[in-house]
Amino acid sequence: MSESKRLDCIVVGYNETRFDEYEATLQRYGQDSEAYRDLKFSFVDIGGRKLTYAELLNHVYRETLGPAEPHRDFLSGDLPSLAAVYLTSFLRRRGLQASYINLFQHEKRALAELLARNPRCIAITTTLYVLNEPVVDMVKFIRQHNPDVRIVVGGPLIANHFRRYQGDELATVLDDLGADLYVVEGQGELTLARLVECLRDGGDLSSVANLAYVDERGPVRAGRYRINPRVEENNPLDENAIDWRALADAPLGPTLQTRTARSCAYSCSFCAYPMRAGSLTLAGLDAVGRELDAMAELGTRNVVFIDDTFNVPLKRFKELCRLMIERRYGFNWFSYFRCSNADEESVELAARSGCRGVFLGIESGSPRILTNMNKAASVEKYANGMKWLHGHGIQTFASFIVGFPGETEETVEETIEFLQQTRPDYYRAQLWYCEPGTPVDAKRQQYGISGQGFSWRHATMESLEAMDHIDRMFLTINGSTWLPQWSFDFWIIPYMLGRGMGLDQFNVLMRLAHRLLALEIAYVPPEEKRTLQEGYLRQMREHVRQWGAPSLGAR
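Residues numbered from 1 in each chain as written. Predicted model: local features only at pLDDT ≥ 70, side-chain atom pairs only at ≥ 80, totals over all residues. Heavy atoms only, no water.

Details of the packing of aromatic side chains
- Inspection of the entire model under this criterion finds 36 aromatic pairs.
- Ring centres of phenylalanine 41 and phenylalanine 474 lie 5.5 Å apart, and the angle between their planes is 75 degrees; this geometry places the pair in the edge-to-face category. Residue phenylalanine 41 is found in the loop between α2 (34–39) and β2 (43–46), and its partner phenylalanine 474 is found in helix α18 (residues 463–476); the two are separated by 433 residues along the sequence. Phenylalanine 474 carries the same exposure label as phenylalanine 41, and that label is buried.
- Each member of the aromatic cluster is reached from another via a ring pair, and the members are Phe334, Tyr336, Phe359, Phe397, Phe490 and Trp491.
- Here the basic side chain of arginine 94 rests over the ring of phenylalanine 90, its NZ or CZ set 3.5 Å away from the ring centre. (Phe/Tyr/Trp six-rings, centres within 6.5 Å; stacked < 30°, edge-to-face > 60°. Helix = DSSP H or I, 4+ residues; strand = E, 2+ residues; numbered from the N terminus. Buried < 20%, exposed > 50% of the residue type's maximum accessible area, 1.4 Å probe, protein only. Lys NZ or Arg CZ within 6 Å of the ring centre and 35° of its normal.)

Rendered as structure tokens:
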């Protein structure tokens, strides 16, 4: 292959660990451990097979439709990975030959074919990883298929490692990952582009800022790793909006993700993201409009805005809704939404512009816990916002954290009461994860915090007690349907719409899945459990038979 046609970089999207492997790993901590009990809210046991919600739906559809109507599996991540698409667009805009792989576990053959073309490097993003294992898995595969390609890793996982470790400890963590080069910058796309140019042109790696790599020749700062000087990036969003038309050489599908802002306007004490991402940066409406124009031109039917605070600032949000109304895109859209930063006009505009569902980071129904979390919100504003959303036919998914410092049985009861009164369409309650580096971690002495991760204790609660409260919430709350975290989450809805499933159909199937999950959380005698399972599964099959097969098309 000529050098002019050689791939400069392959970008790899998401590697979702196989559920059976992850479940087996957590089971080693004990089925009564906090981590395993948290995971139990994401699967049902059917005949000895532990099925995630996506696998449950695939099981029901295959059984119902049979070989006469082939079923292409539902995959929750089967949308163009925003990180991979964005980086590919960024590199191509600078004249580099770049391609991307969306889902590592399901596109290994395509990745092996690209690796056989001897690319200069392969870049692994780590947006959704908190552990090394998914990266290690990919590095091993890449080495097996092309031992010479340079492997680059960047993103939040690497930023967290460099924030937490130094010297030999940092070197040990990087050795475990096994890559060749590491991008050490909150944004990092410009560093990656300069690195790829350096590899293409045979340049000196020491000239690339924000880079860490093994170098036996020069001075080192972490074991055998050289860490180049740090230079903060500021990549303008308007100039680097995704060029969707230039990416249409591969099937994009009916549902796409995008962003119109970087970072978050708030400083919740359980979240370290704004500390990594910097101050809130907004794309201009002209740039957003151009990107949405391209999506509409390509036939996009559903858009997911991943901005952490999409309706902040409120004036800009209303202008963006009016833009979508005026241009009559006709697609459905979904986003994160801050009820505390909304009024009824904004909700009405959202509905008119195509909003079909929002993710609400409510976190607690207790004023005291909201204050401890630094949520800058009130229970009353949350309730008003949800009333407006329901009134305009927008589906709501409310996320809650149980066990945050200051939590008591009384504050949990306030959250349960809030849920019963507001009745979001969907909800999930998660155990507080005691993460190093978050603002609340600096207040360990104030709250009497000990432990970390899923196993912790503070002055008013300990982690196993919090898990008991989550069990109780799930089994007592009526009028809202649970959505699990593993391989599903709220963004499954636009994906399912893209596959041809209607909202009513999805809602019915999720209510039946909720009943199946309740049989796992509550103790039900085995024979009774089997009878109830068979009944719920039969109802699911009847509904699938009524609605017919979903789309078999790409993504």
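Notes on a negative patch on the surface
- Side chains of Glu409, Glu410, Glu414 and Glu417 sit close together on the surface and give a patch of like negative charge.
- For glutamate 417, the location among the structural elements is in helix α16 (residues 409–422).
- Given a relative accessible area of 47%, glutamate 417 falls into the partly exposed group. (Patch = residues over 30% accessible without salt bridge, like charges linked within 9 Å, V, L, I, M, F, W, Y side chains within 5 Å. Areas by Shrake-Rupley, 256 points an atom, 1.4 Å probe, with all protein chains shown as cover. Salt bridge = Lys/Arg side-chain N within 4 Å of Asp/Glu carboxyl O. Lys, Arg positive; Asp, Glu negative; His and termini not counted. Charge placed at Lys NZ, Arg CZ, Asp CG, Glu CD.)

Here we look at empty space enclosed by the protein
- Per the counting criterion, the structure on display carries one cavity of 30 Å³ or more.
- Put simply, the largest cavity is a space of about 30 Å³.
- Forming the walls of the largest cavity are Thr258, Arg259, Thr260, Val288, Glu291, Leu292 and Phe305.
- For the lining of the largest cavity, the leading source of residues is helix α11 (residues 285–297), giving three residues.
- For the lining of the largest cavity, the per-class residue count stands at three nonpolar, two polar and two charged. (1 Å grid on protein atoms, 1.4 Å probe; cavity = no way out; pocket = protein on both sides within 12 Å on 5 of 7 lines; lining within 4 Å. Points joined across faces, edges and corners; volume = space filled by probe spheres on them. Nonpolar A, V, L, I, M, F, W, Y, C, P; charged D, E, K, R; others polar.)

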